Structure formats: C-alpha cells, structure tokens
Amino acid sequence: MAGIGFELKHLSRHQNVEGILRAYGFAAVISSGPWIISIFALLLLTYFLRSILNQVELDLFSASVTHAYAFSLILVGPLQLVLTRHAADRFFTKSWDSIFPACYGALALTALLSAIVGGLFFHFAVPGNLLYQVSATALLVLVSCIFIVSNYLNALQDYQSVVLGFAIGY
C-alpha cells in the first residue's frame with residue numbers, strides 16, 4: 001500500500017464532496033476490493049446455483065467456499081503484513097528490483113502451505129469425492145495467492161486499473 005496516500009490526495013484534489021467521496025471510495029475498494037467483489041460474486045453464484053444444485057450440495061459448496069476464504073485469511077494474513085512493509089520500504093528507497101522476487105517467493109510459500117492445509121482439511125474433514133477435494137484445495141490455493149498478489153498490485157499505483165482488473169477477474 002506504499003504511496004497510496006499520495007494517490008488518494010491526488011484523487012481528492014478537488015475539495016468538494018465528490019472529490020472526497022471518490023478518494024474514500026477508492027481507498028475502500030483498494031483495501032478490501034477482492035473481498036467485496038468476492039462477496040458479490042458468491043451471492044450471484046449461489047443465487048444461480050439454487051436452480052441446479054440440491055440443498056445438500058449447495059450447503060457443501062457454501063461451506064467449502066467459506067472455509068477456503070477463512071483458511072486463506074488465516075494463512076496469508078501474517079505474511080501480508082510483512083510483505084506490505086517490505087514493499088513499502090523498497091518503494092520508498094526506490095529499490096524496485098527486490099520487490100518482485102519477494103512476491104515470487106511469497107507466492108511459492110503460500111501455494112505450498114495452502115495446498116498442504118487444504119489437502120489435509122478437505123481430504124480428512126469434509127466428505128466428498130476426489131474431484132471435489134482437489135477443486136476445494138485449488139480454490140484455497142488460488143484465493144491465497146490472489147491475496148498475496150493484491151499487495152503488490154497496489155504498489156503499481158494504478159488503482160483504477162487494479163479495481164477494474166479485480167472486477168473483471170471475478
């Protein structure tokens with residue numbers, strides 16, 4: 001989130017209600033954009049799945065997605081704090097060459113840890129066939145990696161493109 005304050009000041013350069021609301025709106029979407037977009041996407045998906053799945057399958061889907069997001073937040077949260085601080089420091093000192101290697105390392109670590117936790121949880125704690133277990137584990141890995149990458153996308157300081165990318169991606 002390095003440099004976000006400067007961009008938000010630029011967005012609110014017009015000291016009127018519209019400029020201030022625009023800056024606060026971007027700050028809210030940037031800081032929690034993936035979560036907000038995810039919630040809306042899941043609401044729509046659940047609405048459309050009601051006509052295809054029975055209640056047991058819909059409950060399994062909802063519980064699996066909820067657990068994938070919960071595990072992702074728990075696993076990635078502490079790492080995000082360190083990565084955000086590292087990216088902010090590198091951005092401030094203009095040492096951009098060390099930002100993306102840290103991102104690649106964090107992605108590898110996150111994917112491995114998420115795959116292990118998800119594989120164990122969805123295999124032993126949740127009844128389902130192998131395809132379901134692999135799919136649920138893959139969801140956990142992908143969501144965790146998206147949370148890691150979102151830290152680094154904010155360093156690009158092209159917030160409108162980042163928000164648009166999240167919206168299109170979901």
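Data block above holds the structure.
Within every chain, residues take consecutive numbers counted from 1 along the sequence as written. With the structure being a predicted model, the display of local features is reserved for residues of pLDDT at least 70 and the display and counting of side-chain atom pairs for 80 or more, all residues being used for whole-chain, interface and lining totals. Computation of side-chain values covers all heavy atoms of the structure but excludes hydrogens and water.

Chemist: Any chance you could break down the packing of aromatic side chains for me, citing the residues and the numbers?
Modeler: Paired rings are identified among Phe, Tyr and Trp, the last through its six-membered ring, by centres lying within 6.5 Å, and are further divided according to the angle between planes into stacked (under 30 degrees), edge-to-face (over 60) and tilted (the rest). Here the structure, examined in full by the defined rule, presents 5 aromatic pairs. Here the aromatic rings of Tyr-69 and Phe-147 are separated by 6.2 Å at their centres, their planes lie at 65 degrees, and the arrangement is edge-to-face. Residue Tyr-69 is found in helix 3 (residues 55–92), and its partner Phe-147 is found in helix 5 (residues 130–154); the two are separated by 78 residues along the sequence. Grouping residues by exposure puts Tyr-69 and Phe-147 together as buried. Ring plane angle 90 degrees and centroid distance 6.2 Å describe the contact between Phe-122 and Tyr-132, whose orientation is recorded as edge-to-face. Placement of the pair is Phe-122 in helix 4 (residues 99–124) and Tyr-132 in helix 5, with a sequence separation of 10 residues. A single burial state applies to Phe-122 and to Tyr-132, both of which are buried. Each helix corresponds to a stretch of at least 4 residues labelled H or I by DSSP, and each strand to a stretch of at least 2 residues labelled E; elements are numbered beginning at the N terminus. Note on classification: 1.4 Å probe, protein chains only; a residue is buried when its accessible area is under 20% of the maximum for its type, exposed when over 50%, partly exposed between these limits.

Chemist: Could you give an account of the side chain of Ser-72, with specific residues and numbers?
Modeler: Positionally, Ser-72 belongs in helix 3. A distance of 3.1 Å separates a polar atom in the side chain of Ser-72 from a polar atom in the side chain of Ser-144. What makes two residues a contact is simply this: any of their non-hydrogen atoms within 4.5 Å. Filtering out sequence-adjacent residues up to four positions away, Ser-72 remains in contact with Gly-77, Leu-140, Val-143, Ser-144 and Phe-147. What qualifies as a polar contact is a pair of N or O atoms within 3.5 Å, subject to a donor-acceptor requirement within protein and to the restriction that residues adjacent in sequence count only when both atoms come from side chains.

Chemist: Lay out the nonpolar core in plain terms, naming residues and giving numbers.
Modeler: As used in this record, nonpolar core signifies buried Ala, Val, Leu, Ile, Met, Phe, Trp, Tyr and Cys residues forming a set joined through side-chain atoms within 4.5 Å. If you look at the biggest cluster of nonpolar residues, it comprises 12 residues: Val-65, Tyr-69, Val-76, Leu-83, Ala-87, Ile-99, Cys-103, Ala-106, Val-143, Phe-147, Ile-148 and Tyr-152. Top element by residues in this core is helix 3. It accounts for 5 residues. Among the nonpolar cores identified, the runner-up in size contains 5 residues, and Phe-122, Val-126, Tyr-132 and Ala-136 belong to it.

Chemist: Could you give an account of the state of the cysteines, naming the residues involved and the relevant values?
Modeler: Criterion for a disulfide: a pair of cysteine sulfur atoms within 2.5 Å. Counted under the stated rule, the structure contains 0 disulfides. Looking at the unpaired Cys-145, the closest cysteine sulfur is the one in Cys-103, lying at 9.2 Å. Taking the relative accessible area as the measure of exposure, Cys-145 reaches 15% and is therefore buried.

Chemist: Tell me about the environment of His-86, and please be specific about residues and values.
Modeler: Mapped onto the elements, His-86 comes out in helix 3. Note on His-86: relative accessible area 24%, which makes it partly exposed. The spacing of His-86 and Ile-99 is 13 residues in sequence and 7.7 Å in space, taken between C-alpha atoms. Apart from the residues lying within four places of it in its own chain, the contact partners of His-86 are Ser-98, Ile-99 and Ala-102.

Chemist: For the packing of helix 3 against helix 4, give the residues involved together with the corresponding values.
Modeler: Between helix 3 and helix 4, the shortest axis-to-axis distance is 11 Å and the interhelical angle comes to 160 degrees. Taken together, the axis directions place helix 3 and helix 4 in an arrangement best described as roughly antiparallel. Helix-helix and strand crossings are classified by hand; for helix 3 and helix 4 the assignment is right-handed. Within the contact between the two elements, helix 3 uses Ser-64, His-67, Ala-68, Phe-71, Leu-75, Val-76, Leu-79, Leu-83, His-86, Ala-87, Arg-90 and Phe-91 and helix 4 uses Ile-99, Ala-102, Ala-106, Leu-109, Thr-110, Leu-113, Ser-114, Val-117, Phe-121 and Phe-122. Looking at side-chain class alone, the contact of helix 3 with helix 4 contains 16 nonpolar, 5 polar and 1 charged residues. Orientation is described by axes fitted as lines to C-alpha atoms, over the contacting stretch for helices, and by angles from 0 to 180 degrees between their N-to-C directions. Every angle not falling under 35 degrees, over 145, or within 65 to 115 is termed oblique; those three ranges are roughly parallel, roughly antiparallel and roughly perpendicular. Two helices that cross are described as forming a left-handed crossing if the nearer one is turned anticlockwise from the farther one by less than a right angle, and a right-handed crossing if clockwise. Any residue that is not Ala, Val, Leu, Ile, Met, Phe, Trp, Tyr, Cys, Pro, Asp, Glu, Lys or Arg is counted as polar, Gly included; the first ten are nonpolar and the last four charged.

Chemist: Quick one: what's the story with the pattern of salt bridges, residue by residue and with numbers?
Modeler: The salt bridge criterion pairs a side-chain nitrogen of Lys or Arg with a carboxyl oxygen of Asp or Glu, the two atoms within 4 Å. Evaluation of the coordinates by the stated rule reveals 1 salt bridge. Taking the shortest distance from any N to any O, the salt bridge between Arg-85 and Asp-89 comes out at 2.8 Å. Note that Arg-85 and Asp-89 are positioned in helix 3 at a spacing of 4 residues, about one turn of the helix.

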